[in-house]
Amino acid sequence: MTQIDNIGKKHDLTVLAIDTSTAVIACAVTQGNAVLAEIQSLAERNHSVNAIIHLQQLLERSQKNKEQLDVIAVGHGPGSYTGMRIAVTAAKTLAWVWDKPLIGISSLEAVAYGGWQSGLARAVQPDAGESAQTIHIVKPKQNEEHWILPVMDARRGQIYGAAFSGHSDGSWSRMKEDGVLLMLDWVDVMLSRLAEESKRGIAIHIWVVGDLSMHEEQANRLRTEAALISSGTVVTLMPYALEGRWIAELARKQLADGLPYSTGAEIHSFAPNYTQLTEAEVKLKEKHALERSGR
């Protein structure tokens, strides 16, 4: 039990990570900031067949066995209803059978963080290939604030969306919880926020990352209208497919920060984040919460 209690303090934490919430199976084995093995496979209709096979391949390639793993990390959505259940079920089963702690990571946050880091890395070294062996964390320039908006298509003009911010000191924080959003309305919300925040005189760089194929029109509108609000604002559209290394890296960060994870019998109650509330339902819940608080 002592080993589990101190897990977040271990610098060379060995993580087995998996996510199947999108069309991509993303999985990896990392140790500290080293990527020992990684698989990124576009096979949405075969997630249930390939997930366990890929995990077995990862352990073989990384030359790690179950005893050498410290934690299992899983992207628990939101995303494909069936897809995310596959990764969660596989991770829960392995965590229970192997007696390993299980930590859930927002798939949207992993898309945001991974897409942002990939984009920053390309900006720093545009001609350099991405390292297959090491996780390099790139920080924004001094006096820059980055807003990262992950996008997963949720059909009918909707997305699974959220917002995060990254800063030159390396800090990373959430601006908005995961939710189902109308892309058109979400762009309006971010433009309004930009109009307010630009008064502070800080350079803001907005990243729209993830599956942009069905939402390019609104993403381009954000870029065009943001430039009209503040000439110093940069909007980068970054198509990006999730990589397992970022599920593992976020797990490592959360454990270092002392955030909770599941062990033992708690693993059975671990569930995906389905995030299926409509905007109307969300607003109704917010209204009821305000009424209960007496505001």
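Residues numbered from 1 in each chain as written. Predicted model: local features only at pLDDT ≥ 70, side-chain atom pairs only at ≥ 80, totals over all residues. Heavy atoms only, no water.

A. Representation of the packing of aromatic side chains within the structure. Counted according to the given criterion, the structure contains 6 aromatic pairs. Relative to Trp116, the ring of Tyr113 lies with its centre 6.0 Å away and its plane at 55°, an arrangement referred to as tilted. Here Tyr113 and its partner Trp116 are both found in helix H4 (residues 107–124), 3 residues apart, which amounts to about one turn of the helix. In this structure Tyr113 comes out as buried when scored by relative accessible area, which is 2%. Through a chain of ring-to-ring contacts, three or more aromatic side chains come together here, namely Tyr113, Trp116, Phe164, Trp172 and Trp246. Against the face of Trp147 rests Arg193, its NZ or CZ located 5.9 Å from the ring centre. (Phe/Tyr/Trp six-rings, centres within 6.5 Å; stacked < 30°, edge-to-face > 60°. Helix = DSSP H or I, 4+ residues; strand = E, 2+ residues; numbered from the N terminus. Buried < 20%, exposed > 50% of the residue type's maximum accessible area, 1.4 Å probe, protein only. Lys NZ or Arg CZ within 6 Å of the ring centre and 35° of its normal.)

B. Region of the structure containing helix H3 (residues 81–98). Here H3 contains 18 residues, and its C-alpha end-to-end distance of 26 Å stays within 8% of the 26 Å for a straight helix at 1.5 Å per residue. Those residues of H3 not exposed but buried are Gly83, Met84, Ile86, Ala87, Val88, Ala90, Ala91, Lys92, Leu94, Ala95 and Trp98. Against strand E1 (14–19), helix H2 (47–62), strand E4 (71–75) and strand E5 (102–105) lie the buried residues of H3. Asp99 sits one or two residues past H3 and shows a positive phi near 60°. (Expected span 1.5 Å × (residues − 1). Contact = heavy atoms within 4.5 Å.)

C. The side chain of Thr233, seen in detail. Along the chain, Thr233 falls in the loop between helix H6 (216–229) and strand E10 (234–239). In contact with Thr233, other than residues within four places in its own chain, are Leu194, Ile204, Ile206 and Ala226.

D. View of the pairing of E1. When you tally the buried positions in E1, you get 6 out of 6 residues, the bulk of the element. Pairing geometry for E1 and E4, over 4 bridges, is parallel. Residue pairing across strands places Leu16 opposite Ile72, the latter belonging to E4. (Pairing = 2+ DSSP bridges.)

E. Representation of the sheet that holds E10 in the model. Pairing within the open sheet is mixed, and its 5 strands lie in the order E8-E7-E6-E9-E10. With partners counted over all chains shown, the strands left at the sheet margins are strand E8 (172–182) and E10, one partner each. Pairs of neighbouring strands in the sheet enclose a mean axial angle of 15°, with direction left out of account. Sheet topology note: the strand E6 (residues 144–155)/strand E9 (residues 203–210) ladder contains 8 bridges and is parallel. Looking at E9, one finds that Glu144 is bridged to Ala203. Strand contacts of H6: E6, E9 and E10, with the helix running at about 165° to E10, the strand carrying the most contacts. (Axes fitted to C-alpha atoms, helices over the stretch in contact; angles between N-to-C directions.)

F. Region of interest: the environment of Ile25. Structurally, Ile25 can be placed in strand E2 (residues 24–31). Classification of Ile25 by relative accessible area gives buried; the value is 0%. Taking the C-alpha atoms as reference, Ile25 lies 7.5 Å from Ile39; in sequence the two are 14 residues apart. With residues near it in sequence (within four places) discarded, Ile25 still touches Asp19, Thr20, Ile39, Gln40, Ser41, His47, Asn50, Ala51 and His54.

G. Geometry of the pairing of E9. Of all 8 residues in E9, 7 are buried; the element is thus mostly enclosed. Summarising the sheet, E9 and E10 pair through 6 bridges and their orientation is parallel. Bridge pairing in E10 links Trp207 to Thr236. Taking the sense of rotation as the criterion, the β-α-β connection linking E9, H6 and E10 turns out right-handed. (Right-handed = clockwise from strand over helix to strand, strands pointing away.)

H. Structural detail: the side chain of Asp70. Looking at where Asp70 falls in the secondary structure, it is placed in the loop between H2 and E4. Judged by relative accessible area, which is 9%, Asp70 ranks as buried.

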